[in-house]
Each structure stands twice: as structure tokens, then as C-alpha cells.
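Residue-level listing of the chains:
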Amino acid sequence: MTYEYIKAECVDSIGIITLNRPKILNALNLQLMNELVSELERMDQDPAIRVIVLTGNDKAFAAGADINEMAEASAMEILKRDQFAVWDRISLISKPIIGAVSGFVLGGGCELMMNCDMIIASETTVIGQPEIKLGVMPGAGGTQRLTRAVGLNKAMEMLLTGEPISAKEALRYRLVNLVVPVEAYYQEALKLAKQISEQAPLAVQVIKKSVHKADNLPLADALDYERNGFYLLMASEDRKEGMQAFLEKRKPRFSGK
Ligand code: HXC
């Protein structure tokens, strides 16, 4: 598949998607989002891929939705465009997505980052929701996912001032998993991806889904969901292989069955 605004490759069971509009800081236009989500869905179906890494470049993961595309659009045009429908499909991806981010992570860029399951950031990363400065507000989950991630007070401050926070502060607020020098963030993300790619694929996917229930379900229902996932995995061949390998004191060879 050839794309205009993203690059996609597969390296040892890791699918890597790179946002590729460097001249305008990877501003997310409609075509980029369509390409991105199509490729995420393709990788999700590809048995050779176990984990996905989503990245930009050192200067920008993404500086937000493409303002050129929004500046002249009427409310009715935006409504008919239904541009957020494509975003909803990201949460249906069953394989883990690791964000490797650096530089500007703003507006829709921050919302995209928050759709990742784990995030490795460079020390030069700045993260914010500046929509308020344009006279609007986030539309792809910014007020909801940010609040769940950093808590009400900090989310309120970031959303109402539009001022970004540093990578260090983002780490303190548990918005990212790890902060490393800019030379290292991409390699760190690949290292994490490799480690996860060696686990039993079905268990990885069921755990991902179960963890996300923590955001969406009351505790009793989420615990019930978790328990059913556990029962389901007990029927997998990888469960037999994993436990047998432990008893035989060897490394398991997971097949994804
Ligand atoms: C379109 C953008 C852009 C954007 C940057 N550019 N961000 N184009 N949409 N979101 C373009 C600039 O116009 C410029 O193009 C080039 O990228 C480099 O940007 P500069 O401003 O010259 O760079 P710098 O001075 O380093 O400032 C970087 C910046 C600033 C602080 C990130 O560009 C900025 O504030 N950008 C807008 C950030 C923002 O408001 N994001 C939220 C968008 S609304 P030229 O052609 O002049 O070189 C949003 C809503 C989400 O995301 C809704 C859900 C999808």
C-alpha cells in the first residue's frame, strides 16, 4: 500500500507507522487520518505483526489538526464531514500501540498520543491542548482522555490556558510511561515493543481490552470481564505451552493459538 502522509513498515513482528508531513509539523489532515487508521487496521489483521509503534519525527509527533482544513469550514460542513468517526476506529485496534513521541504533541496530536496504550517521550517533548487559543475546544477526546489521565485540576488548567507541559511534567502526571533523551526515544519504544511481541499474542490482546474496561465500566462489571478473559485464555494452546515451558524450565514458544 502506498501512502502520501504516513510511512509504514514491519520490522521483526513490529509494525511501525511514521506520520510524514514534516514541513507542517505533521498536522493531521483528513487524508492523513484516513491513511493512518487504514494502516492500523491492516496491521491489526496481519498475523506477522504483534505490536504497533506510532511515531513522528524529533521535532513533532503532531502539532494538531490541520488548521488550514478547518479555518474556512462551516459548522455544517464539519458536521457532515464527520471527521471524528475515523478516530473512533483507533480504539477498536486489538494489538498494543506504543507511541514514540518527540517535539510538539499538540491538540489533535495530543489526542492521538492518548489513543496509544503506552508512550515513550523524548526530553524535548511538549504536550498540550491549545484549541482554546483558536477559540474552540478539543473534539477527539481531549477533554475526556486528558482528564482521565492527569486528573481534573491539571486537565482543567491545560485545557483552559492552552499552555503545554514539558515531558518531565507529563511523566509526573502519568501521561507518558518514560522520558529519555531525544536520541533514545525511538529505540526505547522499539525495545518495549520487542519485549511485548515475545509474549503470548492472545493474552496480550485480551489484557489490552481488559485494561481499557477500567476506564469504561463499573468495577464489578470490569472484574467480571477480566474473569471471563482469564477463562478464555485457559483454553488457548499458548496457555499449555506457557505453563509447560515453566515446568520444563525453558523459554516458551508462543504460537498465538
Ligand atoms: C496547519 C500547521 C499546524 C497546524 C504548524 N503548522 N501547526 N499547519 N495546522 N496545526 C505549520 C505552520 O503554519 C508552518 O507552516 C509550519 O507548520 C511550521 O510551524 P511554525 O509555526 O513556523 O513553527 P514554530 O514557530 O516552531 O511553532 C510551532 C508551533 C506552532 C508552536 C507548534 O506552529 C503552532 O502553534 N501550531 C498550531 C498548534 C495548534 O494550535 N494545534 C491545535 C490545532 S486544533 P509554514 O507554511 O508557515 O511554514 C486541533 C483540534 C483537534 O488540533 C480536533 C481533533 C482532530
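As recorded in an unreviewed UniProt entry, the protein goes by Enoyl-CoA hydratase and comes from Brevibacillus invocatus. UniProt, in its Sequence similarities (unreviewed entry) section for the protein, records the words "Belongs to the enoyl-CoA hydratase/isomerase family."

(A) Just the overall build of the protein, in detail. The number of helices and strands found in the protein is 12 helices and 10 strands. Here the protein has a C-alpha radius of gyration of 19 Å; the compact-globule value for 257 residues is 18 Å, and the two agree. Referenced to the eigenvectors of the C-alpha coordinate spread, the extents of the protein come out at roughly 65 × 40 × 40 Å. Nonlocal contacts in the protein, meaning residues at least 24 apart in sequence, comprise 67% of its contacts between residues at least 6 apart. As displayed, the protein has an accessible area near 14100 Å², and 57% of this comes from carbon and sulfur atoms. Here the protein holds 30 positive side-chain charges and 33 negative ones, and the gap between their average locations is 5 Å.

(B) Summary view of a nonpolar patch on the surface. A contiguous nonpolar patch, built from Ile67, Met70, Leu134 and Val136 and spanning about 340 Å² of accessible area, is present on the exposed surface. Tracing the chain through its elements places Val136 in the loop between β8 (126-128) and α6 (142-150).

(C) Structural context of the sheet that holds strand β6 (residues 104-106). One open sheet accounts for four strands, arranged β4-β6-β8-β9; its pairing is mixed. On the outer flanks of this sheet lie β4 (60-62) and β9 (165-166), each paired with one strand and no other. Bridge count for β6 against β8 is three bridges, and the pairing is parallel. For Leu106, the partnering residue across the bridge sits in β8 and is Gly128.

(D) Molecular detail of the site of the ligand. Among the 22 residues in the neighbourhood of the ligand, the closest are listed as Ile24, Ala63, Ala65, Ile67 and Gly108. At 2.9 Å, a backbone N or O of Ala63 approaches a nitrogen atom of the ligand. For the ligand, an oxygen atom lies 2.8 Å from a polar atom in the backbone of Ala65. Of all the secondary-structure elements, those providing two or more residues to the shell around the ligand are α2 (67-71), β6 and α5 (108-113). Counting residues per element, the shell around the ligand draws most heavily on α2, at three residues.

(E) Up close: the pairing of strand β1 (residues 6-11). As defined by bridge partners, β1 adjoins strand β2 (residues 14-19) across six bridges and the pair is classed as antiparallel. Residue pairing across strands places Ile6 opposite Leu19, the latter belonging to β2. Hairpin connection, β1 to β2: the antiparallel pair is bridged by two residues, and Asp12 has positive phi, about 45 degrees.

(F) How the structure looks around the pattern of salt bridges. A complete count under the given rule lists 12 salt bridges for this structure. One salt bridge in this structure joins Lys133 and Glu163, with 2.9 Å as the shortest N-O distance. Of this pair, Lys133 sits in the loop between β8 and α6 while Glu163 sits in the loop between α7 (152-161) and β9, and the two are 30 residues apart along the sequence. Residues joined by salt bridges that share partners form a network here, namely Glu39, Arg42 and Asp46.

(G) Highlighting the side chain of Glu39. Counting through the fold element by element, Glu39 comes out in helix α1 (residues 30-45). Of note is the side chain of Glu39, whose polar atom sits 2.6 Å from the side chain of Tyr3. Contacts of Glu39, omitting those with residues within four sequence positions, involve Tyr3, Ile6, Ala8 and Ile17.

(H) Spotlight on the packing of aromatic side chains. According to the stated counting rule, one finds one aromatic pair in the structure shown. Ring geometry for Phe230 against Tyr231: centres 6.3 Å apart, planes inclined by 65 degrees, an arrangement best described as edge-to-face. Residue classification places Phe230 among the exposed positions, given a relative accessible area of 52%. One residue, Arg21, lies across the ring of Tyr5, its end atom 4.7 Å from the ring centre. The ring of Tyr225 carries Lys213 above its face, with NZ or CZ at 4.8 Å from the centroid.

(I) Inspection of the sheet that holds β2 at higher detail. Pairing is mixed in the open sheet, where six strands are placed in the order β1-β2-β3-β5-β7-β10. The open sheet has two edge strands, β1 and β10 (178-180), and neither has a second partner. For this sheet, the mean inter-axis angle between neighbouring strands, taken without regard to orientation, is 20 degrees. Bridge analysis of β2 against strand β3 (residues 51-55) gives five bridges, and the strand direction is parallel. Bridging from a neighbouring strand, Gly15 pairs with Ile52 of β3. This element, α1, spans β1, β2, β3 and β5 (97-101) of the sheet and lies at about 180 degrees to β2.

About the criteria used
- Residues numbered from 1 in each chain as written.
- Predicted model: local features only at pLDDT ≥ 70, side-chain atom pairs only at ≥ 80, totals over all residues.
- Heavy atoms only, no water.
- UniProt positions renumbered as here; feature names shortened; annotations may be inferred.
- Helix = DSSP H or I, 4+ residues; strand = E, 2+ residues; numbered from the N terminus.
- Rg over C-alpha atoms; globule rule 2.2 N^0.38 Å.
- Contact = heavy atoms within 4.5 Å.
- Areas by Shrake-Rupley, 256 points an atom, 1.4 Å probe, with all protein chains shown as cover.
- Lys, Arg positive; Asp, Glu negative; His and termini not counted.
- Charge placed at Lys NZ, Arg CZ, Asp CG, Glu CD.
- Patch = residues over 30% accessible without salt bridge, like charges linked within 9 Å, V, L, I, M, F, W, Y side chains within 5 Å.
- Salt bridge = Lys/Arg side-chain N within 4 Å of Asp/Glu carboxyl O.
- Pairing = 2+ DSSP bridges.
- Near = heavy atom within 4 Å.
- Polar contact = N/O pair within 3.5 Å; in protein donor to acceptor, adjacent residues only side chain to side chain.
- Phe/Tyr/Trp six-rings, centres within 6.5 Å; stacked < 30°, edge-to-face > 60°.
- Buried < 20%, exposed > 50% of the residue type's maximum accessible area, 1.4 Å probe, protein only.
- Lys NZ or Arg CZ within 6 Å of the ring centre and 35° of its normal.
- Axes fitted to C-alpha atoms, helices over the stretch in contact; angles between N-to-C directions.

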